[in-house]
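Below, each chain spelled out in residue letters.
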Amino acid sequence: MTHAAPLSRQGSRNLGLERRLMQALKGEVRFDAFTRGRYATDASIYQIIPQGVAFPKSEADIAAALTIAAEHGVPVIARGGGTSQNGQPIGDALILDMSRHFNAIRDYDPAARTVSVAPGIVLEQLNAHVKKDGLFFPVEPSTASRCTIGGMAGNNSSGARSLRYGKMVDNVLALRAQFHDGEAFALGDMPVGDNESIRARDLMTRMLALAGRHRDEIERIFPKVQRRVGGYNLDELLPAQPNLSHLLVGSEGTLAITTQATLKLSTLPTHRVMGVCHFPSFRAAMETTQHIVALGPVAVELVDNNVLVLGADIPLFVRTLADITKGQPNCLLLVEFAGDDLDALKRDLKRLDQCMADHGFPDAVVEVVEPARQKPVWEVREACLNIMMSMKGDGKPVSFIEDCAVPLDRLADYTDAVTELFAQHGTRGTWYAHASVGCLHVRPILNMKDEAGVKAMRGIAEAACDLVRQFKGSYSGEHGDGISRSEFVEPMFGGPLTRAFEEVKDGFDPENRLNPGKIVRPLRMDDRSLMRFPPGYATPIPAETALDWSDWGGLGGAVEMCNNNGTCRKMSGGTMCPSYRATRDEQHVTRGRANSLRLAISGQLGPDAFTSPEMKETLDLCVSCKGCKRDCPTGVDMARMKIEFLHHYHAKHGLPLKDRLIAFLPRYAPWAARLAPVMNLRDRIPVLAKLSERLLGFSARRSLPVWRRPWAQTGKAATAADVQGDGRDIVLFGDTFNRYYERENLEAAERVLQAGGYRIHKVEPQDGGRPLCCGRTFLSAGLVDEARKEARRTLETLSPFITRGARIVGLEPSCLLTFRDEFGAILPKDEAEPAAKAAFLLEELLAADIKAGTTTLPLKDQAGRVAHLHGHCHQKAFAAMGAVEATLRAVPGLDVKPIESSCCGMSGAFGYGAGTMDVSLAMAELSLLPAVRKAGPDDLVVADGTSCRHQIHDGAGREALHVARVLDMALER
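Reference entry: report on the structure contained in this document. All values reported here derive from a predicted model rather than from experimental measurement. (Residues numbered from 1 in each chain as written. Predicted model: local features only at pLDDT ≥ 70, side-chain atom pairs only at ≥ 80, totals over all residues. Heavy atoms only, no water.)

## Observations regarding the sheet that holds strand E5 (residues 105–109)
- Within the open sheet, the five strands sit side by side as E5-E6-E10-E8-E9. Their pairing is antiparallel. In the strand order of this sheet, the two ends are held by E5 and strand E9 (184–188), each with one partner. With strand direction ignored, the average angle separating the axes of adjacent strands in the sheet is 10°.
- Helix-sheet contacts for helix H4 (residues 59–71) involve E5, strand E8 (172–178) and strand E10 (257–264), and the interaxial angle to E8 is about 50°. (Pairing = 2+ DSSP bridges. Helix = DSSP H or I, 4+ residues; strand = E, 2+ residues; numbered from the N terminus. Axes fitted to C-alpha atoms, helices over the stretch in contact; angles between N-to-C directions. Contact = heavy atoms within 4.5 Å.)

## Focus on the side chain of Arg770
- Looking at where Arg770 falls in the secondary structure, it is placed in the loop between strand E20 (759–760) and helix H32 (776–780).
- Side chain to side chain, Arg770 and Glu790 meet in a polar contact 2.5 Å long.
- With sequence-adjacent residues up to four places away left out, Arg770 is seen in contact with Pro666, Arg667, Pro670, Pro765, Glu790 and Arg793. (Polar contact = N/O pair within 3.5 Å; in protein donor to acceptor, adjacent residues only side chain to side chain.)

## Things to note about the packing of helix H16 (residues 411–424) against helix H17 (residues 451–470)
- Interhelical geometry of H16 versus H17 gives an angle of 160° and a closest axis separation of 11 Å. Relative to H17, H16 is oriented roughly antiparallel. The hand of the H16/H17 crossing is right-handed. Residue-level contacts link Tyr414, Ala417, Val418, Leu421 and Phe422 of H16 to Ile460, Ala463, Ala464, Leu467 and Val468 of H17.
- Its residues assigned to classes, the contact of H16 with H17 comprises 10 nonpolar, no polar and no charged. (Parallel < 35°, antiparallel > 145°, perpendicular 65-115°, else oblique. Left-handed = near helix turned anticlockwise from the far one by under 90°. Nonpolar A, V, L, I, M, F, W, Y, C, P; charged D, E, K, R; others polar.)

## Some points on the packing of aromatic side chains
- For the coordinates displayed, the defined rule picks out 22 aromatic pairs.
- When the ring of Phe819 is compared with that of Phe823, the centres are 4.8 Å apart and the planes differ by 35°; the resulting orientation is tilted. With respect to burial, Phe819 and Phe823 carry one shared label: buried.
- Of the aromatic side chains, those joined through ring pairs into one cluster are Phe222, Tyr232, Phe493 and Phe501.
- We note Lys449 situated over the ring of Phe533; from NZ or CZ to the ring centre the distance is 5.2 Å.
- The ring of Tyr758 is capped by Arg728, whose NZ or CZ atom sits 4.2 Å from the centre of that ring. (Phe/Tyr/Trp six-rings, centres within 6.5 Å; stacked < 30°, edge-to-face > 60°. Buried < 20%, exposed > 50% of the residue type's maximum accessible area, 1.4 Å probe, protein only. Lys NZ or Arg CZ within 6 Å of the ring centre and 35° of its normal.)

Interpretation note: all reported values are geometric properties and have no functional meaning in isolation.
Shown next, in the form of structure tokens:
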């Protein structure tokens, strides 16, 4: 089978343009194939390779880029977070990534409730800044954690609360921008003649006249629904005193490049409450929506059956869905009321309950009043798209008619008609989002790798456009036109208004330099050459994989789970993606890595790209934290993909000595421990530290773990026959790190388990050799075959104990959780599954048994003691943090304070590298180290990961304790 053409065939590298830009711009300029590939996609189905990418730092950089690009005849596209659904920020052009540097807050006046910002600022960061004054920017799309203000203005975004706060166009006060040739101008709520740019004055005079000439058509044809964002906003020029900047809002960067936005802020409501309405059928929810809206809520959001079913299999959302649902509803409506009188809001919930009962649904509302409960519910709603995109296989929910908007009284009939339309094309759809304004996000499930799927998309698009016109709605209600819907501007608005839109475009951009092919004179929405999966697309590289990817239909299917929605670009909350948070570089984010892998294994970056140095550089800063495994709702597991890549890369290029030393650590550790005084000289003699940096790559500024006399488990060796199978049998798995560097943790765990009444069986390897190992260090170097040997050796010894009911308990999360994760990828599932089910972290075992009442620990009161808890990334990825907290809270009087932190940045050997230590510390400085420094001198700092403890020691000068030692210190003796 052939595969997609390499990038060199889709657009050559423009060396002249690259050279000129590098000379003129202060920001970076990148024209290499990997960077161009990473910027070829957004969250849509499209892929168009740009000619290059620039990262402007100032308005002067933008002006220079526009001028130079024009001289070379190259179009320019401004890009924010790259989260668009319809292909807006991609094209055969120079991409200006505004998010990297051009993201400052400039003028902020809390008294006037206004703020001026550079367009690259992320909405969530803006709201975090103004929250201290009780303010927020109320246009809140579900992508608030990574979408930029410039992108929101370009799309005329809205969000869940638009029922009260409107769209971007209702909240933008003024815009500064540049024409296609770099000339600056400003538009806002001011007379045309006040503009400092003569060119802008003349142009806006013409635009006002154009709108006046088409007043009748505008008033007759523009849809009378709040969610209308198609075409250009000529209707905003009709009032007697129009805000002229509103013509640019929603123009998708086709008219000018925004350099500053002045926004209207709103007052944060003191309280919010939510009612989760349960419905037995989708139509029932749609029919009832208009009656709920009449109660005056802030938001009414749909969560459909697809989300409920798929979300129940995603660890991140299981607990939340269980909290807000009762029985087995077909779908939910999340209804929010907001204001300053909590009692009044609670009465609103009672009115909601009565409304539901009046329409045949008594006792169908779950009240969610507590803010701590509301937050995860909104996180589920905001992740609806990604939850639905977590469907495995080639068939995926596809965005192209996603946000059509119709009047509320026609909503049920419209959704029925679209459902029938899907059935006619042999598919079904997924629904979610803004029921309150008749703007439901709907995606039919189609295979876009197949010509039949593309034809079905075209047929559905044309029929849906007819339906929207029939129901007097808007074909584009939130996400703009882009490539998906620009073709349908003329069918929706008619010929005369479309020609008027073309006059707008030609007035601002007569040479078609800015984002061509969008809104007017459109690209064809079903042109497969513009798609992520063009004709001939396949993923034949590598020919054979080292890991088992069968659950995804192969490595290609696993990589393609990334839908480019950009959740990994969030800068706070959760774990992922720590390298992006430290660098703000698309290369070092899960999405960027996944795009590079997809392009490489499909042959689009050349025949050897998969094992190239450029791919190695792309994955170098992935710290294998597994944050994406949990935080990414589609489950993109970049840590596992990195193992696969390193396996092939090192097979081709060889294994460096530094990586070999780390990988084979478990094999030589018994001998190294005997030479501990010699092994520990490195950190005492500076010249040795510098020599190890020069020869091995270990940073001389970083201390190494101290070799110790190893842990020697007490008692005599056990056999499987000693296992009684009553739930009290334990095999304490001594990992290499705790065994040779911090044996006090294993010794403390023994005492705690004995105090809890467990029988600890001393298990020795069947071959009588060195201690058992999980293979983690080999996996970190891509040595899958060696890791498989370790896994088999370990299971051969432990399986007889597991079969008779013993549980395997470990202390180091990265090691113990390998039993649950990678064992299933390197061994047949029937071999790996019993061990996965029997493997527990110490805190998981204790938390579960204490809750079940089968274990008690004799613990002394620790009143007045505070424990600051940092979670290991793998604990977070496998939802084990609740168990850590619960175990620590079992200590009477201990005040447990979780640290809201991402990855500590060490990630095994990563933090020791001379070339990665600075990034490692930058990750730790994002949240972990500042929090530790604020801890009181007598407070405890708790971290179960050996790497985490080392980072805390080096970065903050504090000793962090494993939970086993905290419990041991509290034992009654």
